[in-house]
Amino acid sequence: WGLMLVLSVAIYGSHAPLLTQCKVDGMIPFSSASVVVLVELTKLVFSLTWDRELLGVAVSWRHIAPFALSALLYAANNNLVVHMQLFMDPSTYQVLSNLKIVSTALLYSLFLRQRLSMRKWLALFLLVAAGVSYSCGGLQDPGSPSKMQLHITLVGLLLISVYCLISGLSAVYTEAILKTQALPLSLQNFFLYFFGVLLNLIGYFWSSPEGGFLEGFSSWVLVIVVSQALNGLIMSVVMKHSSNITRLFVISCSILVNALLSVTLFNLQLTLLFFVAVSCIGLAVHLYYGVT
């Protein structure tokens, strides 16, 4: 468990720096839809080859159908992230997207009937505060102005609300399926990623991106595909045998890795807000998992 969680923290934290390494003249040269398809395909292949004896397990459509909705929710959220950037600046998205911690916790408590104490709710709100602090200026480019200005339209506010709701719903719904079905995890993953590949392929051809499927790909993109696929598989283990709350803490802790890589690779500087964020995360971990 320790190794898996540390690896997941490292993958989450390195995702943005890896994307920056892929840029050519400040632009992402490849189709993000292609990357999503390849990530889902990698997870599908791994699930299929992990235990071939599972192919003989008897299943019915009532086992398979729920994963179609789960994949649809994930695909909808991935596309929503792209479209809502038109109605807000990236900084605003980074700040407000932290609200998905609250939406996930609320839906987790409601649908999975997991009562959270006031102490645990305080811990989760500290995670939100950590994310907002870091997004508002935990890192600073010495050559850029320090003041941060946020901009969002009314449509953008609506879209970010829908995004946080779907993000929480997709995570909690998937956790419920994984825990209630008496099927091996690798077989459940196969169903989920099969629909993931199918829906994202449809989305790719629907968007009709310019250029070829693999245009603009580099060795850095390959690293992103493999790491994101591995992280998806780890998160399925977490949701099957732990909970979405653990996933939220993993994502929040990835701030540390993101900051370390950003300082090392891009010469960014840590600010007071970074240390505020780290303090909030440390206190949140103590409140949620510490001995009362």
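For the structure, check the block above.
Residues numbered from 1 in each chain as written. Predicted model: local features only at pLDDT ≥ 70, side-chain atom pairs only at ≥ 80, totals over all residues. Heavy atoms only, no water.

*Asks:* I keep staring at the overall build of the protein and nothing clicks. Help me out?
*Replies:* Helix and strand content of the protein: 11 helices and two strands. Ordered by position from N to C terminus, the α and β elements of the protein give α-α-α-α-α-α-β-α-α-α-α-β-α. A globule of 292 residues ought to have a C-alpha radius of gyration of about 19 Å, and the protein, at 19 Å, matches this closely. For the protein, with 292 residues in total, the buried portion stands at 42%. Sequence-distant contacts in the protein: of pairs separated by 6 or more residues, those separated by 24 or more amount to 88%. (Helix = DSSP H or I, 4+ residues; strand = E, 2+ residues; numbered from the N terminus. Rg over C-alpha atoms; globule rule 2.2 N^0.38 Å. Buried < 20%, exposed > 50% of the residue type's maximum accessible area, 1.4 Å probe, protein only. Contact = heavy atoms within 4.5 Å.)

*Asks:* What's the story with the packing of aromatic side chains in this structure? I'm lost.
*Replies:* Think of a pair of aromatic rings as described by two things: how far the centres are apart, and how the planes are tilted against each other in angle. Overall, the coordinates contain 13 aromatic pairs when judged by the stated rule. Ring plane angle 35° and centroid distance 6.2 Å describe the contact between Trp121 and Phe125, whose orientation is recorded as tilted. Here the residue Trp121 and the residue Phe125 both occupy positions in helix 6 (residues 118-135), the gap between them amounting to four residues, near one helical turn. Linked through ring pairs, Phe67, Phe190 and Phe191 together constitute an aromatic cluster. Between the NZ or CZ atom of Lys120 and the centre of the ring of Tyr288, over which it lies, the distance is 4.8 Å. (Phe/Tyr/Trp six-rings, centres within 6.5 Å; stacked < 30°, edge-to-face > 60°. Lys NZ or Arg CZ within 6 Å of the ring centre and 35° of its normal.)

*Asks:* Can you help me understand the packing of helix 2 (residues 32-50) against helix 9 (residues 219-241) in this one?
*Replies:* Two quantities define a packed helix pair, namely the angle between the axes and the distance from one axis to the other. Where helix 2 meets helix 9, the closest approach of the two axes is 9 Å, and the angle between their N-to-C directions is 50°. As summarised for this structure, helix 2 and helix 9 are arranged oblique, according to the angle between their axes. Crossing of helix 2 over helix 9 shows right-handed handedness. Contacts from Val35, Leu38, Val39, Thr42, Lys43, Phe46 and Ser47 in helix 2 reach Val221, Ile224, Val225, Gln228, Ala229, Gly232 and Leu233 in helix 9. Here the contact of helix 2 with helix 9 is composed, by residue class, of nine nonpolar, four polar and one charged. (Axes fitted to C-alpha atoms, helices over the stretch in contact; angles between N-to-C directions. Parallel < 35°, antiparallel > 145°, perpendicular 65-115°, else oblique. Left-handed = near helix turned anticlockwise from the far one by under 90°. Nonpolar A, V, L, I, M, F, W, Y, C, P; charged D, E, K, R; others polar.)

*Asks:* Whenever I open this one, the pattern of salt bridges confuses me. Can you help?
*Replies:* Oppositely charged side chains can form a pair if their charged atoms are brought close together. Taken as a whole, this structure holds two salt bridges when the rule is applied. The salt bridge involving Lys43 is made with Glu40; its shortest N-O contact spans 3.0 Å. On the criterion of helical spacing, the pair formed by Lys43 and Glu40 is a turn pair, its members being three residues apart in helix 2. Under the relative-accessibility criterion, Lys43 is labelled buried at 9%. (Salt bridge = Lys/Arg side-chain N within 4 Å of Asp/Glu carboxyl O.)

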